[in-house]
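The chain contents come next:
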Amino acid sequence: MIRALRSELIRLRNPSTLLSGIGLMVFLGLLATTIVLVTATSGEAGGPPHANRVTLAMLEAGDGMFVGLQNFVGLLGIVALTVWAIAVTSDYSSGLIRLLVQAEPRRWRLLAGKVVALTGFTSLATLVTTAVVLVVARPIAGMAGVGTDAWTTDLLRTVVEGYVQLTLSVLLWGVVGLFVGMITRSTGIAIAIGLGYLLVFEGVLGLLLDSAARWLPGAAFGAIATGGTADMALGTAVVVSLAYVIVAFAVTVITFWRRDITA
Amino acid sequence: MSVIHTDKLTRRFGDIVAVRDLDLEIGAGGVVGLVGPNGSGKSTLIRVLLGLLKPSGGEATVFDAPISHPSAYAARIGALIESPAFIPSLSARTNLRSLARLRGISNARVDEVLEVVGLRDRAREPSKRFSLGMKQRLGIAAALLPDPELLMLDEPTNGLDPAGIVEIRDLLRRLGDEGRTVVVSSHLLSEIEAACDTLVMIRYGALLFSGPLRELVAQAGECIAAVPEHLEDVERLAAVFSSAGWPARVGDGRVVVTAPASTSAEVNRAAAQAGITLSALRPHEVSLEEVFLRMTGEQSGDNGRPAGAIGAEIPTTAEKSAKAKVSA
């Protein structure tokens, strides 16, 4: 598995992957933070229409600098979904999978190496995003008139907690990308299915299912990023997400193990 | 020692039988040519042996290990299957290093194989800048990475210029002479003829011939080439020979008759009796291409494959070669 990981890391060090993946995540993180802070008013503050409303009090709390990231975590998740899906589908579309499986026929090792490498990549991307947001959130808040006095209280704990929750949530989106990528083996179809589900299908289901919608993957992953919501506690969100991940991994492993390499 | 052994190996894709009850044995050392029309099952056979495809029936071993456990022999095999596959934005060296890491191979070996295929000076360039021929060389370098005892190359000379083809041919010969087993599939029969000691010929996934190349050519029988004085007589001349009981075929303004050189006088007489004057009559050395076309029905595999019942039409030679042994 270590060999597969080292091999995968060489391919992930591809500058275009690094720059586009991390760069896009940082850009979206900044965008989310800026929108939430700039649209803040004395009453209700900004935020996506379908998400929990963000109040000025929330923004001025100790973890206020991460409220934008937490509430728009789906955007970062989509980047992770795309990167993870492409990591799988590009092996098939390029034909590289032939060389990889021939060199290491124990396919679970290849998959494990890929998952660990992508986990590292995603953790790095969210770390850079968190760091950039940490640096720029205060000046933006200043311009938007959002108080930041409480932000420095217990800063280290806030940053570590915010980073871990954010990373965990984004990684879960990545696993969805891995799953869809393995099933479809097509970058375009994988991304379309992922985005379609997350941006459209889950929203429609949310309207139909009402309170039961909190059990859907997107809602559970989002609840982890915000440290729990009124609908779902953090612990429950982790357990529900874990169930989705186990199923996704099981299907991915079995599919990869059994499928012929015809690429 | 048997490097590859198959016993009634079969691989189906739905109704299509890509490899059909294939019995094959390839010994250690030498260059083995794997030939057949397009769609005859060459690539499928290689993929099944490498563990990329699971067989639908039968059994096979590579280095005496069952193909259901390819990890038992993966480290001893290098392969190039169809077009070479690399990450375009990564350099040739980085692409190979990625594969070397997976196999636990040192970076020094990466530079060695780049040297062997003549890409050492271009190693830093992204593979997307490579021509088809250079990509092919890079693919061969990847196959050579594990210093393999068995090398399986599917169309290795694709995209190479004539000088490149000769280089690769020499490389294959050298590897074969070193005691490695090189299985090379190609539709360039002249290349197979020049590089290979032994031949495996398949059509519709079934074995047509397996054995020394010279044996196959000898099996085709002695031939005589008859050139009519007037080109327009060539078809009529072929008909004359056929009606006299000699298998004849037309090509390049001449008629090639399957008959021993000792019958030249009779051949000449038959032509004269039909009123055709011959401008040349000489012994004809049969090429692999001629044998191939004769055995495969002179038809492209893509067009000739019968729908559904693939492999239903198995020539007599296949029956004769039911269990042919290739000892390279």
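Residues numbered from 1 in each chain as written. Chains lettered and ligands numbered in written order. Predicted model: local features only at pLDDT ≥ 70, side-chain atom pairs only at ≥ 80, totals over all residues. Heavy atoms only, no water.

Some words on the domain arrangement of chain B
Part 1 of the argument: The assigned domain composition of chain B is domain 1 (2-217) and domain 2 (221-285).
Part 2 of the argument: For domain 1 of chain B and domain 2 of chain B, the distance between their C-alpha centroids amounts to 41 Å. (Domains from an automatic or database assignment.)

A look at the interface of chain A and chain B
Part 1 of the argument: Contacts between chain A and chain B engage 29 residues on the former and 29 residues on the latter.
Part 2 of the argument: Of the roughly 2500 Å² buried between chain A and chain B, counting both surfaces, carbon and sulfur atoms make up 59%.
Part 3 of the argument: The partner of B:R11 in a salt bridge is A:D260, and the shortest N-O contact between them spans 2.7 Å.
Part 4 of the argument: Along the contact surface separating chain A from chain B lie 12 residue pairs in polar contact (both at pLDDT 80 or more).
Part 5 of the argument: Listed by contribution, the elements that provide at least two residues to the side of chain A that touches chain B are α1 (2-12), α6 (96-103), α7 (107-144) and α11 (234-258) of chain A.
Part 6 of the argument: With 7 residues, α6(A) is the largest single contributor of residues to the side of chain A that touches chain B.
Part 7 of the argument: Grouping the constituent residues of the side of chain A that touches chain B by class yields 12 nonpolar, 7 polar and 10 charged. (Contact = heavy atoms within 4.5 Å. Buried area = accessible area lost by both parts, 1.4 Å probe. Salt bridge = Lys/Arg side-chain N within 4 Å of Asp/Glu carboxyl O. Polar contact = N/O pair within 3.5 Å; in protein donor to acceptor, adjacent residues only side chain to side chain. Helix = DSSP H or I, 4+ residues; strand = E, 2+ residues; numbered from the N terminus. Nonpolar A, V, L, I, M, F, W, Y, C, P; charged D, E, K, R; others polar.)

Observations concerning the nonpolar core
For soluble globular proteins, nonpolar side chains are generally found buried alongside one another.
Part 1 of the argument: Within the largest apolar cluster, 157 residues are counted, with the highest numbers of intra-cluster contacts made by B:L96, B:L150, B:M152, B:L199 and B:M201.
Part 2 of the argument: With sequence-adjacent residues up to four places away left out, B:L199 is seen in contact with B:G33, B:V35, B:I192, B:F209, B:S210, B:G211, B:L213, B:L216 and B:L288. (Core = buried A, V, L, I, M, F, W, Y, C linked by side-chain atoms within 4.5 Å. Buried < 20%, exposed > 50% of the residue type's maximum accessible area, 1.4 Å probe, protein only.)

So, the packing of helix α5 (residues 73-94) of chain A against α6(A)
Residues and elements named next belong to chain A.
Part 1 of the argument: As a packed pair, α5 and α6 sit with axes 5 Å apart at the nearest point and diverge in direction by 100 degrees. One element, α5, and the other, α6, form an angle in the roughly perpendicular class. Contact residues: D91, Y92 and S94 in α5; L96, I97 and L100 in α6.
Part 2 of the argument: A class-by-class count of the residues in the contact of α5 with α6 yields 4 nonpolar, 1 polar and 1 charged. (Axes fitted to C-alpha atoms, helices over the stretch in contact; angles between N-to-C directions. Parallel < 35°, antiparallel > 145°, perpendicular 65-115°, else oblique.)

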